[in-house]
Amino acid sequence: GGGGGGRATIYNTVSGWGGVGKTTLAREYARRHAGVGARYTRGVLWLDAETPNTAWRSLRRIATDELGWTLEDDDTDVDVQRRVYDWMGRGGRLWLLVMDNADDLEDLVAAGLLPPEHACRANGHVLLTTRAGEAVIGAANVGAPLLLDCLDEEEGATLVLRRARMDEDAVPSDLDDADEAAALREVAGPRLLAGLPLALEQAGAYAGRHMSFVALRDELRVRRLEVLGPAAEKSLREVLDTSAVDDGGRRVSLSATLEAALARVGVQSVDDLANADVPSLIAEVVAQLDRRGDKDLARRHLPAVVAACARVATNRAGQQRAAVATTWLAHLKRLSNRAAELIRRLALLAPDDVPAEVAEKLIDGGRSVVRAAVKDLEARSLVRRSAGGAVSMHRLLQDVVREGAADPVLDRKRCVRAVAECLPENRVYNTAHEVGAARGEALRPHAEALLGDVGDEPPLDEFELRDGMAGHCILTHRVGAGEAFALCALALVQRHGASNTLRGSLARIRLGDVRLLQRRYDEGISEFRTALEIAVALGDARFERSVRTRLGRALMFAGRSDEAESVLRGSSRQQAAVAPGVAESDRDKLVQALADRALGAALTQQGRFGEAERLVRNVRAVFEGMFGSNHSEVAMSYNSLGGVLIRQCRFEEAEAALRRAVEVGEAALGVDNPIVAGMCVELGTCLVFRLKLVEAETMLRRAAALFEVRLEARMEDIVPLFHTLGAVRVMRGRFAEAATALRRALALAEAAPRVRGPGQITLMRVILLVVEALAWLARRWLLVVAVAVAVVGTVWHLYLA
C-alpha cells in the first residue's frame, strides 16, 4: 500500500514451510526500504512472534533499544504493548513492523498482539512471516498471504552455485562441463534438497570454491540414504501394500511380488517411484518378473503405485526436513569435535541470540576455541552471529541436530550449567540494576527453552537455574514468569524427595516472594513458615535468621506487626546466642542488618519510634561500612530513617535523610526506578510539612508519572500519593487540579477496599466534595463577590431605612 491518510490497515503475510526463506525475504525487504530517504523513515521494528511471551519480550526490546524509552520493572507486558502501539498510532512518517515466526496466529490474536486499527491506519505496515495455512491466515484477518514455495531446479542450482563460488552473478549455464551442470541441478532438485533455500545455502557452503558438483552430489546422495535409511524402504513397502485395489474394492498387497523387481531396476524409495515414467517403469519391472500373473499385476497396478508415491512425495515438510538433515550430516563429517559439540548444545537453547558469554561456557577450551568453532559454523551457514557476538540458529536445523544428538543428557546438563553461571548476582541488581535486568532478560528465553520437554525425571542439578531465574524475575517484578520458574523449582525438589533440604527451603522462599508481589500475603506467609521449619530442622543458624527476616517482612505487609515483631525479635535473640562476644563475618552482619531493618519497620508501625530509630541508624552504619555510600541498601536505610523521623515530627532531619536516600537511590538504581519513586513520595510528604510546596508537588508528580503506567503498582503506594498531591494543590489554591488528584485517589481506594476501610473511603468522598465546591467557587469568584456586595448593600439599605 502507498502513503496517504485514511487508508486501510495494511498487513502483508509471507507464508511457507520452514527454511524456504521467509525471514530472509523479510530482512532483505526491511534493509532495502528502511532509513533516511527510504520508505520507512520511522524505522523497522522487529518482533519475534513465535509465542506471545517472545512477542512481549520483543516489544520490551523495541521500547528500550529502538525507541529509547526507560521502562520500569513493574511495567507489565500489556503496558509496554499499549505504549508501543500508541506510538505507532501517531501520524506522520511510515514505520514497518515485522512479526517474524508468527506460526500460531490464533494465540497471537487471542493475546491481542496484532496491532489494532488505530496503530496502523496511515502510519505504517505490518509484515508477518508464518507457517500457518491459508485458512488460519484468513481467520486472523491479516490479508491474503504471499505463498513462498521452494525454489525450482534452476533457481536452486543458481543459489548453490553462487554460494559455493562466492560469485553473485554466476548461473548454471556458465558451467562448461555438462556433468557438473547436471549434478548441480540434481543437488537442487527433488531427489536431494528439494529446492529448500536453507539446505541449498548450506550445500553451497559445504562445496566451497574447490569441490566439484559431481562430488557434492555423490556425497549428498550418501547422506540422504543415511537420513532416510530403513524408514524409506518401509515407506515404499507401505505404499506397495496400500495403494492398489482389485475390482471388488479389496486391497491388493504388492510388496512381496514387486519390491525385489523394483530394487533390481534401481527403485528403492518413494522418491524414486514418484518421478518415474510409468510406461518405461512397467516395461523394466515386467522384464524382471518370471510369472505371467506377476507381470499382469505389475501392468495393472503400477500406475496407481506411482501416483500414490507422488502424493507421498509431496509431503513437503518431510522433504524439507530430510534436505536439512542431509546437508547437516555432510557438514558433520567435516566439523571439528568442538564445533560439533557447540552446535549440538546451541540446538537445545532458544534459536535466537544466544549471548556470547553463554556460548563460551558450552564447550571446553576457552574463548579462543569457542570463537574458532563459531566462525567455522558461521562459514558453513549453520549459525548466524550478530555484531554483538550473539549466536542464532534456524529452528528447522535445531530440530534436526537435536534428533541426532549422541548424548542429549550430557549436552543438556552443560547448557543448564552455562546459563545458570551467567545469571547476574544479586549485588549487580543492587549496584547497577539496569545492567543486571538486561543480562537476566537476555538469558530468560534460553532458560525457558531448557524448561521445555525435559522428560519424566529432570536432574536435581537444574534447581540452580530455575531458582536463579525465578530470582531475576522477582527482582525485576516480572511476576508471571517468576511464578512459573518458582513453581518449576519447587516441583523439581519435590520430585526428587528433597523438600526438606536447603533447596526445598529456598524454593519455598522464592514462591513466598512471588506471593508477596501478587499481594497474596497469607499464601506468602505460609510458604515462609514452611521454609523456616525446614531451616530450623537443618540447624543452619545463619539461614534461619534470613528466613525469619523474610517471614517478618511478610507479616508486616499483611498488617500483623505484633507477630512480625515477635518473629524478628527471635532472629535478633538468636543472633546474640550464636556467637556471643565473637565478631561475626560480613555475611552474619548482613543477615542481622536486614532483620533489624525489618524489625525497625514493625516497631514504626506500632508507634515505638525511639526504638525504631536506633535500629535503623545502626543498620545504615552497617550497610555503609559493608557496601560504601552508593548502594541500594544504604538508600533504603536512609529512606527508613526519614520515615521514622517524620513520624516524630523532626521534619528538618527527615528532609536531610530523605534527600540523601533519593540521591543514593538514583546513583544505584537509576532515576526512574520504582524504588526511587517511592523515596520521592516520602520526600514529597516531608516537604509538605516543611511548607516547601512547589518542590513537594514536583516530587509527587514525578512519582505519579511513574505509577500511572504501572498496572501492578501497590495500592498502598498510589492512594496516599494522589491524596497528598491533592492536599498540596489545595494548599496552593489550585482546587480544580486538586480535585483531579483526589478523584484518582478515591477511584483507586474504591477498587482496592482493603487498602482504605469504608470509613476512610467515606471521608475521602467528603473531602473531594468540599474541594470540588471550592473549585466551583474559585471559577466563579467575580460572581460570588458581586452577589456578596449586592446582599451586603441590600441589608445596609434596609438597615438605614
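Here, the structure is the one placed above.
Just so we're clear, the structure is a prediction, and the values are computed from it rather than from any experiment.

In this section: the overall build of the chain. A count of helices and strands for the chain gives 38 helices and 9 strands. Within the chain, the fraction of its 801 residues that count as buried is 48%. When contacts within the chain are restricted to residue pairs at least 6 apart in sequence, those whose partners lie at least 24 apart make up 69%. About 36700 Å² of surface is accessible on the chain, with carbon and sulfur atoms providing 53% of the total.

This part takes up the pattern of salt bridges. Applying the stated criterion across every chain yields a total of 57 salt bridges. Close ionic contact of Arg617 with Glu613 constitutes a salt bridge, the shortest N to O distance being 2.9 Å. On the criterion of helical spacing, the pair formed by Arg617 and Glu613 is a turn pair, its members being 4 residues apart in helix α30 (residues 609–627). Among the ionic pairs, Glu697 bridges to Arg729, the shortest N-O distance being 3.1 Å. Placement of Glu697 in helix α34 (residues 693–707) and of Arg729 in helix α35 (residues 715–731) is noted, with a sequence separation of 32 residues between them. Classification of Glu697 by relative accessible area gives buried; the value is 3%. One salt-bridge network, in which partners are shared between bridges, spans Arg338, Glu341, Arg344, Arg345 and Asp411.

For the rest of this paragraph, the subject is the packing of helix α24 (residues 479–495) against helix α25 (residues 502–517). Look at α24 against α25: their axes get within 9 Å of each other, and the N-to-C directions meet at 155 degrees. With respect to each other, α24 and α25 are oriented roughly antiparallel. For the crossing formed where α24 meets α25, the hand is left-handed. For the pair formed by α24 and α25, the contact residues are Val479, Gly482, Glu483, Ala486, Leu487, Ala489, Leu490, Val493 and Gln494 on the first element and Arg503, Gly504, Ala507, Arg508, Arg510, Leu511, Val514, Arg515 and Leu517 on the second. Of the residues in the contact of α24 with α25, the class split is 10 nonpolar, 3 polar and 5 charged.

Among the secondary structure elements, Gly293 is positioned in helix α14 (residues 292–313). Taking relative accessible area as the criterion, Gly293 reaches 46% and is therefore assigned partly exposed. Through-space distance from the C-alpha of Gly293 to that of Thr257 is 9.9 Å; in sequence the pair is 36 residues apart.

The next subject is the packing of aromatic side chains. Applying the stated criterion across every chain, the model contains 1 aromatic pair. When the ring centre of Tyr206 is taken as reference, the NZ or CZ atom of Arg334 above it lies at 3.8 Å.

Turn by turn, an α-helix covers 3.6 residues, leaving residues three or four places apart pointing in a common direction. In this model, α30 (19 residues) spans 26 Å end to end at C-alpha, consistent with the 27 Å of a helix rising 1.5 Å per residue. Among all positions in α30, only Ala612, Glu613, Leu615, Val616, Val619, Arg620 and Phe623 are buried. One side of α30 carries all its buried residues, which in axial view fall inside an arc of 165 degrees. Opposite the packed face of α30, turned more than 90 degrees from it, sit the exposed residues Arg614 and Gly625. Of the residues trailing α30, Gly628 is marked for its positive phi of about 90 degrees.

This part is about the nonpolar core. Counting residues in each nonpolar core, the largest one holds 82 residues, and the members touching the most others are Leu193, Leu196, Leu216, Trp328 and Val358. For Val358, the contacting residues outside a window of four places in its chain are Leu349, Ala418, Val419, Cys422 and Leu443. Counting residues in each nonpolar core, the second largest holds 56 residues, with Phe623, Tyr638, Leu645 and Ala704 among its members.

Take the sheet that holds strand β4 (residues 124–130) next. An order of β2-β3-β4-β1-β5 is seen for the 5 strands of this open sheet, with the pairing classed as parallel. Since the sheet does not close on itself, it has two edges, and those belong to β2 (44–48) and β5 (145–147), each with one partner. Pairs of neighbouring strands in the sheet enclose a mean axial angle of 20 degrees, with direction left out of account. Sheet analysis places strand β3 (residues 95–100) next to β4, joined by 5 bridges and oriented parallel. Across the sheet, residue Leu96 finds its bridge partner in β4, namely His125. Contacting β1 (11–15), β2, β3, β4 and β5, helix α1 (residues 22–33) runs over the sheet at an angle of about 160 degrees to β4.

A few words on unusual backbone geometry. Phi is positive for Met166, close to 55 degrees, though the residue is something other than glycine. Note on placement: Met166 falls in the loop between α7 (153–165) and α8 (178–188). In this structure, Leu691 is a non-glycine residue whose phi angle is positive, near 65 degrees. Its location among the elements puts Leu691 in the loop between α33 (674–689) and α34.

On to a negative patch on the surface. On the surface, a cluster of negative charge is made up of Asp167, Glu168, Asp169, Asp174, Asp176, Asp177 and Asp179. With respect to the element layout, Asp177 can be found in the loop between α7 and α8. Given a relative accessible area of 38%, Asp177 falls into the partly exposed group.

Another aspect to go through is a nonpolar patch on the surface. Residues Leu763, Val766, Val770, Leu774, Trp776 and Leu777 make up a contiguous nonpolar surface patch of roughly 520 Å² in combined accessible area. Considering the arrangement of structural elements, one finds Leu774 in helix α37 (residues 758–779). Given the relative accessible area of 32%, Leu774 is considered partly exposed.

A word on helix α18 (residues 366–379). Across its 14 residues, α18 extends 20 Å between first and last C-alpha, which sits within 8% of the 20 Å expected from 1.5 Å per residue. Regarding α18, the residues found buried are Val370, Ala373, Val374 and Leu377. Projected onto a plane normal to the axis of α18, the buried residues spread over an arc of 100 degrees and lie on a single side. Across from the buried face of α18, at angles greater than 90 degrees, the exposed residues are Ser368 and Lys375. Note on α18: the residue one or two positions beyond its end, Ser381, has a positive phi of about 60 degrees.

For the pair helix α23 (residues 463–475) and α25, the least separation of the axes is 10 Å and the interaxial angle reads 20 degrees. Of the possible angle classes, the one that applies to α23 and α25 is roughly parallel. At the point where α23 passes α25, the crossing takes the left-handed sense. Within the contact between the two elements, α23 uses Phe463, Glu464, Asp467, Ala470, Gly471 and Ile474 and α25 uses Arg503, Leu506, Ala507, Arg510, Asp513, Val514 and Leu517. Looking at side-chain class alone, the contact of α23 with α25 contains 7 nonpolar, 1 polar and 5 charged residues.

In this structure, Glu238 sits in helix α10 (residues 213–242). Assessed through its relative accessible area of 43%, Glu238 is described here as partly exposed. Expressed as a C-alpha distance, the spacing of Glu238 and Val270, which sit 32 residues apart in the sequence, is 9.8 Å.

This part covers the side chain of Asp294. Position of Asp294 among the secondary structure elements: in helix α14. The buried charged residue Asp294 lacks any salt bridge, with Arg291 as its nearest oppositely charged partner at 4.1 Å. Those residues in contact with Asp294 that lie beyond four places of it in its chain are Thr257, Leu258 and Leu289.

To continue, consider the pairing of β1. Among the 5 residues of β1, 4 are classified as buried, and the element is accordingly described as predominantly covered. Sheet topology note: the β1/β4 ladder contains 5 bridges and is parallel. Bridge pairing in β4 places Val14 opposite Thr129. Of the strand pairs in this sheet, β1 and β5 are connected by 3 bridges, and their pairing is parallel. Within β5, the residue paired with Val14 across the bridge is Leu146.

Reading the values: the criteria
- Residues numbered from 1 in each chain as written.
- Predicted model: local features only at pLDDT ≥ 70, side-chain atom pairs only at ≥ 80, totals over all residues.
- Heavy atoms only, no water.
- Helix = DSSP H or I, 4+ residues; strand = E, 2+ residues; numbered from the N terminus.
- Buried < 20%, exposed > 50% of the residue type's maximum accessible area, 1.4 Å probe, protein only.
- Contact = heavy atoms within 4.5 Å.
- Areas by Shrake-Rupley, 256 points an atom, 1.4 Å probe, with all protein chains shown as cover.
- Salt bridge = Lys/Arg side-chain N within 4 Å of Asp/Glu carboxyl O.
- Axes fitted to C-alpha atoms, helices over the stretch in contact; angles between N-to-C directions.
- Parallel < 35°, antiparallel > 145°, perpendicular 65-115°, else oblique.
- Left-handed = near helix turned anticlockwise from the far one by under 90°.
- Nonpolar A, V, L, I, M, F, W, Y, C, P; charged D, E, K, R; others polar.
- Phe/Tyr/Trp six-rings, centres within 6.5 Å; stacked < 30°, edge-to-face > 60°.
- Lys NZ or Arg CZ within 6 Å of the ring centre and 35° of its normal.
- Expected span 1.5 Å × (residues − 1).
- Arc of directions from axis to C-beta.
- Core = buried A, V, L, I, M, F, W, Y, C linked by side-chain atoms within 4.5 Å.
- Pairing = 2+ DSSP bridges.
- Patch = residues over 30% accessible without salt bridge, like charges linked within 9 Å, V, L, I, M, F, W, Y side chains within 5 Å.
- Lys, Arg positive; Asp, Glu negative; His and termini not counted.
- Charge placed at Lys NZ, Arg CZ, Asp CG, Glu CD.

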